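One-letter residues, chain by chain:
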Amino acid sequence: MSSPLEGQVALVAGATRAAGRGIARELAAAGAKVYCTGRSTRGHPATPGRPETIEETAELVAAAGGAAVAVQVDHTVEAEVAALAARIAADEGRLDVLVNDIWGGDEMIDWEAPGFWTQDMGDARTLVDRAVMSHWITSRHMAPMMVAAGRGLIVEVTDGSHPGYRGGLLYDFIKAGAIRLAYGMAWDLARTRVTALALTPGFLRSEAMLERFGVTEANWRDGAVGRPDFGFSETPHYIGRAVAALAGDPQVRRKAGAAFSVGELSEEYGFTDLDGSQPNFWRSVSDRLAGELAAEDQLSPWAMRHAAGRYQKIHPSPTDADEARALQARLGWQRLPAGLQVSR
């Protein structure tokens, strides 16, 4: 039986580690030839403290029987992206899937900062360039191949599919920006056969996250003891299988311009994580939070944090107004600026 993406060509921009690596591996497992790009190459790591390289990603693909090409590209440099597009056009004659997964900003996000007025603007400019402009530049130079061929899928990897706030202005601006890129590109592509959409993982068990919790993928559940959020986590292969399912869906244009979570797509398409489970991080958090909110006891620090975070995420959505009001009441009006409260 042929693989669902047999004969297709994919580009994963930001395939060095984490979600990008998982996506590259699963697209290749589905039959696509995958171009794995990023800044970190063997002997020349570009991200402080991280050893992963694009060559390692390509080697993992090859070891599993897939086809991959590692190309060092700084996607903020337009000339390098244009050269990559020319190479793919010359060598392959087609591009079927583009995944924009470039981030490179963990060290620039300070979750303990009191507010945007303390943000280093040099860091902000750098990160917007890396994680927003790089996506835009890459799509601009890869889309012409897709438009000319009358086929293609562009996936913007983000964090959260909700309309609300992500707890820090710079982080929120960038991740909401990825969703907006997908939305705007979908409008511009409406008369073509190319689809743009956004996709978010849940709690990703990346290489860095495994290290932070002091575990490996083999014993990761040991790190979840007393840490419920980590217990709801997922491997990078899970989002990879989501992208492969989208790429293989002949009706994917119905999803143009929207943002989806891997957990909800797993239920629609039937794929699982490596262990056969179907994690849905925010549903799991919401179920646990609902139990604590229903009790008369004082909320735990975990529940307070997630209740506030949940409110930030959903309060702009009219369909979530009842839940937002319930959270608002339990958190206390004094915790919320008047203009951000949901009216009764």
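Scroll up to find the structure this text is about.
Residues numbered from 1 in each chain as written. Predicted model: local features only at pLDDT ≥ 70, side-chain atom pairs only at ≥ 80, totals over all residues. Heavy atoms only, no water.

### A short note on the sheet that holds strand E6 (residues 194–200)
To keep it simple, the criterion reads: If DSSP finds at least two bridges between two strands, the strands pair. A helix here means a DSSP run of H or I that spans at least four residues, while a strand means a run of E at least two residues long, and both kinds are numbered starting from the N terminus. Throughout, an axis means a line fitted to C-alpha atoms (over the contacting stretch in the case of helices), and angles, computed between N-to-C directions, take values from 0 to 180 degrees.
Taken in spatial order, the 7 strands of this open sheet run E3-E2-E1-E4-E5-E6-E7, and their pairing is parallel. One side of each edge strand has no neighbouring strand; the edge strands of this open sheet are strand E3 (67–72) and strand E7 (259–261). The mean angle between the axes of side-by-side strands here comes to 20 degrees, regardless of whether they run parallel or antiparallel. Bridge count for E6 against E7 is 3 bridges, and the pairing is parallel. Bridge pairing in E7 places Ala 198 opposite Ala 259.

### Digging into the layout of surface pockets
This is how the line gets drawn: As defined here, a cavity is a set of points on a 1 Å grid over the protein atoms alone where a 1.4 Å probe fits but cannot get out. A pocket is an open set with protein on both sides within 12 Å along at least five of seven lines, and residues line them when an atom is within 4 Å of a point. Grid points are joined across faces, edges and corners, and a volume is the space filled by probe spheres set on the points. Nonpolar residues are Ala, Val, Leu, Ile, Met, Phe, Trp, Tyr, Cys and Pro. Charged residues are Asp, Glu, Lys and Arg, and all others, Gly as well, are polar.
The space that makes up the second largest pocket amounts to roughly 410 Å³. What lines the second largest pocket is a set of 23 residues, among which Ser 161, Ser 261, Asn 280, Trp 282 and Arg 310 lie closest to the centre. Residues that form the lining of the second largest pocket fall into these classes: 7 nonpolar, 10 polar and 6 charged.

### Some details on the side chain of Ser 266
Our working definition: Throughout, a residue-residue contact means that at least one pair of heavy atoms, one from each residue, lies within 4.5 Å.
Mapped onto the elements, Ser 266 comes out in helix H9 (residues 262–269). Excluding residues that lie within four positions of it along the chain, Ser 266 makes contacts with Tyr 238, Phe 271 and Gln 278.

### A closer look at helix H8 (residues 236–247)
Under the convention used in this document: A helix is expected to reach a length of 1.5 Å times the quantity of its residues less one. A simple rule labels every residue: compare its accessible area, found with a 1.4 Å probe on the protein chains alone, to the largest value its type can have, and call it buried under 20%, exposed over 50%, or partly exposed in between.
Along its 12 residues, H8 runs 17 Å from first to last C-alpha, staying within 8% of the 16 Å computed at 1.5 Å per residue. Among the 12 residues of H8, 11 are classified as buried, and the element is accordingly described as predominantly covered. Where H8 is concerned, the buried positions are Pro 236, His 237, Tyr 238, Ile 239, Gly 240, Ala 242, Val 243, Ala 244, Ala 245, Leu 246 and Ala 247. In this structure, the buried residues of H8 make contact with helix H1 (18–29), strand E4 (97–100), strand E5 (152–157), E6 and H9.

### Focus on a nonpolar patch on the surface
Inclusion rule: Patch membership requires more than 30% relative accessible area and the absence of a salt bridge. Residues of like charge join within 9 Å; the nonpolar side chains Val, Leu, Ile, Met, Phe, Trp and Tyr join within 5 Å. Per-residue and other accessible areas were derived by the Shrake-Rupley procedure at a 1.4 Å probe size, with only the shown protein chains allowed to occlude residues. Definition used for salt bridges: Asp or Glu carboxyl oxygen within 4 Å of a side-chain nitrogen of Lys or Arg.
The grouping of Phe 116, Trp 117, Tyr 165, Leu 169 and Phe 173 at the surface amounts to a nonpolar patch, some 590 Å² of accessible area in total. Note that Phe 116 resides in the loop between E4 and helix H4 (121–149). Its relative accessible area of 55% is what places Phe 116 among the exposed residues.

### Notes on the packing of H8 against H9
Packed helix pairs are characterised by how far apart their axes lie and by the angle those axes make with each other. To keep it simple, the criterion reads: These descriptions rest on fixed angle ranges, namely under 35 degrees for roughly parallel, over 145 for roughly antiparallel, 65 to 115 for roughly perpendicular, and the rest for oblique. Each crossing gets its handedness from the near helix: less than a right angle anticlockwise from the far helix is left-handed, clockwise is right-handed.
Interaxial distance between H8 and H9 falls to 10 Å at its minimum, and their mutual angle equals 50 degrees. By the angle between their directions, the pair H8 and H9 is classed as oblique. As H8 packs across H9, the resulting crossing turns out to be left-handed. On H9, the residues touching Tyr 238, Ile 239, Ala 242, Ala 245 and Leu 246 of H8 are Val 262, Gly 263, Leu 265, Ser 266 and Tyr 269. Here the residues of the contact of H8 with H9 are counted per class, giving 8 nonpolar, 2 polar and no charged.

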